[in-house]
Amino acid sequence: MIPFNKPFMTGTELSYIERAHTNMQLSGDGPFTRQCHAWLEHRIGCQKALLTHSCTAALEMAAMLLDLQPGDEVIMPSFTFVSTANAFVLRGALPVFVDIRPDTLNIDERLIEAAITPRTRAICVVHYAGVGCAMDVIMDIADRHGLMVVEDAAQAIMSTFKGRPLGSFGHLAALSFHETKNVISGEGGALLINDPRLVERAEIIREKGTNRSRFFRGQVDKYTWVDIGSSYLPSEILAAFLFAQLERAEEITAKRKALWDRYQNWFHACAFPGVTTPTIPTQCGHNAHMYQVLLGSLDARTRFIDTMRQQGVQTVFHYLPLHSSPAGLRYGRAHGSLGVTESVSERLVRMPFWLGLEDKLADVFRASEQAIGDLLMRVRARPEDLMAVD
Ligand SMILES: *Cc1c(COP(=O)(O)O)cnc(C)c1O
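Please read these numbers as outputs of a predicted model, since none were measured by experiment.

Asker: Which residues make up the overall build of the protein, and what values go with them?
Answerer: Counting its regular elements, the protein contains 14 helices and 13 strands. The C-alpha atoms of the protein give a radius of gyration of 22 Å, which matches the 21 Å a tight globule of 390 residues would have. Expressed as lengths along the three principal axes of its C-alpha atoms, the size of the protein is roughly 75 × 55 × 35 Å. Looking at the protein residue by residue over its 390 residues, the buried ones come to 57%.

Right, dumping it as structure tokens:
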């Protein structure tokens, strides 16, 4: 079976972990964590980077930093991972879900302004597949309405919008180093802080609500409980693994992009009717986080995934819309129609994507041709199967 995902190891992870072991400092914020922070601050150009256990943890910290009160509203897409919404719901805030663009599958910036109410405090954008949202338009809306912006950049490390790294636009941004992402540490994440007013409080929240970071810098002579917070810092063992990956992030991205281009060229050359390939706007430098296509209907997708599995290739669907999920109905609110979200959610299929797949790509293409061929045969009986929405 060709799996959907396979973690990529650079080969230096274990020797760095051994070095952390030799350093005899295994708790957080040691030398490897500092190297990761410096790398992220330099590469992304954020004011401050702080490693966390996960992107989910970084989003929770972001929600604390925004000082959200019960009933405050956060505008976000419904086509995203649960953590985007959960982090704010944990603070008592209300996710307001707006629809996505049919091309990038990112929040439709043209719908944001109409969703703003007197209770709106923030916009949380998600850079789906590592392709940037329209950050110029979104930051302008936020400025004019006095809103904070959080980038869920879980999938977007090394991507750019108008030449500037994603994660450097919003007041806050969150990265993920989960095994399924481009740069990994098994579980892991980072909070990126671009608004200098939030840096000191972010350190406090991450250190259980204490001013321990200032204490270690010699800025206070004892540390104490000063605010709300929790334990969000990962151990040096994890940071050592992560640094071995960050060092090679450039190369990982280049190789992934070569793989992505092979998929895109192949699908374009085949020009299968009823199959929509990804669109990358010219302002977006993407990181080849995933390769996904849209099929004509839910039924077509189900059959495609089944036929692929029968031929030994694992393909997967992605998000179920949050606005119509049990918790989304209880804790959130949909703004207007979410027709694109609902349609995309039923029709999107993600192809296997990992470094090393290059050698097996011919098998994936052969299986895809077969699976789509089967769909085209069936369509003579049921033409609606192939009705692409856009
Ligand atoms: C992966 C992902 C997350 C969660 O990341 P974790 O590090 O597993 O917490 C959140 N948002 C998006 C958009 C993701 O893709």
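Asker: Quick rundown of the site of the ligand? Include the residues and the values.
Answerer: As a matter of local geometry, the ligand sits amid 14 residues, with Thr56, Asp152, Gln155, Ser176 and Lys181 nearest to it. The contact in question runs from a nitrogen atom of the ligand to an N or O atom on the side chain of Asp152, over 2.8 Å. Side-chain polar atom of Ser176 to an oxygen atom of the ligand: 2.7 Å apart, as the coordinates give it. Relative to its unbound accessible surface of 380 Å², the ligand loses 92% to contact with the protein. Of the residues in the shell around the ligand, the class split is five nonpolar, seven polar and two charged.

Asker: Tell me about the packing of aromatic side chains, and name the residues and values.
Answerer: Scanning the entire structure with this criterion turns up 17 aromatic pairs. Ring centres of Tyr128 and Tyr319 lie 5.9 Å apart, and the angle between their planes is 65°; this geometry places the pair in the edge-to-face category. With Tyr128 in the loop between β4 (120–126) and α6 (135–145) and Tyr319 in the loop between α11 (298–310) and α12 (326–331), the pair connects residues that are 191 residues apart, well separated along the chain. For Tyr128, a relative accessible area of 1% puts it in the buried group. Between Phe267 and Tyr291, the aromatic rings sit 5.7 Å apart at their centres with planes inclined by 20°, giving stacked as the arrangement. Here the residue Phe267 occupies a position in helix α10 (residues 249–270), and Tyr291 occupies one in the loop between β10 (284–285) and β11 (292–294), the gap between them amounting to 24 residues. One exposure class covers both Phe267 and Tyr291, and it is buried.

Asker: For the environment of Met158, give the residues involved together with the corresponding values.
Answerer: As for its position among the elements, Met158 is in the loop between β5 (148–152) and β6 (160–161). Judged by relative accessible area, which is 13%, Met158 ranks as buried. Once the C-alpha coordinates of Met158 and Leu40 are considered, the two residues, 118 residues apart in sequence, prove to be 10.0 Å apart. Setting aside chain neighbours within four positions, we find Met158 in contact with Trp39, Arg43, Ala249, Glu250, Thr253 and Asn287.

Asker: Before we move on, could you go through the sheet that holds β6 and cite the residues and values that matter?
Answerer: Note on sheets: strands pair through backbone hydrogen bonds, and any given pair is parallel or antiparallel. Ordered in space as β7-β6-β10, the three strands form an open sheet in which the pairing is antiparallel. Of all the strands in the sheet, just β7 (164–165) and β10 have a single pairing partner and so form its edges. With two bridges joining them, β6 and β7 adopt antiparallel strand pairing. Along β7, the bridge assignment pairs Phe161 with Arg164.

Asker: Residue-level account of α10, with values.
Answerer: End to end, α10 covers 32 Å across 22 residues, agreeing with the expected 32 Å (1.5 Å per residue, within 8%). Among all positions in α10, only Ala249, Ile252, Thr253, Arg256, Leu259, Trp260, Tyr263, Gln264, Trp266 and Phe267 are buried. End-on view of α10: buried residues confined to an arc of 160°, all on one side of the axis. Of the exposed residues in α10, the ones pointing more than 90 degrees away from its buried face are Glu250, Asn265 and Ala269. Looking at the buried residues of α10, the elements they touch are α2 (31–44), α9 (236–246), β11 and α14 (361–379). Positive backbone phi, approximately 45°, marks Ala271, located one or two places after α10.

Asker: I'd like a description of the sheet that holds β4, backed by residues and values.
Answerer: An order of β1-β9-β8-β5-β4-β2-β3-β12 is seen for the eight strands of this open sheet, with the pairing classed as mixed. The open sheet terminates on both sides in strands that have one partner only, identified here as β1 (48–52) and β12 (333–334). Strand direction decides the pairing type here: strand β2 (residues 73–77) and β4, joined by three bridges, are parallel. In the strand pairing of β4, Val74 is matched with Ala122. Its contacts with the sheet place helix α4 (residues 82–89) against β2, β3 (94–98), β4 and β5, and it is angled at close to 175° to β2.

About the thresholds
- Residues numbered from 1 in each chain as written.
- Predicted model: local features only at pLDDT ≥ 70, side-chain atom pairs only at ≥ 80, totals over all residues.
- Heavy atoms only, no water.
- Helix = DSSP H or I, 4+ residues; strand = E, 2+ residues; numbered from the N terminus.
- Rg over C-alpha atoms; globule rule 2.2 N^0.38 Å.
- Buried < 20%, exposed > 50% of the residue type's maximum accessible area, 1.4 Å probe, protein only.
- Near = heavy atom within 4 Å.
- Polar contact = N/O pair within 3.5 Å; in protein donor to acceptor, adjacent residues only side chain to side chain.
- Areas by Shrake-Rupley, 256 points an atom, 1.4 Å probe, with all protein chains shown as cover.
- Nonpolar A, V, L, I, M, F, W, Y, C, P; charged D, E, K, R; others polar.
- Phe/Tyr/Trp six-rings, centres within 6.5 Å; stacked < 30°, edge-to-face > 60°.
- Contact = heavy atoms within 4.5 Å.
- Pairing = 2+ DSSP bridges.
- Expected span 1.5 Å × (residues − 1).
- Arc of directions from axis to C-beta.
- Axes fitted to C-alpha atoms, helices over the stretch in contact; angles between N-to-C directions.

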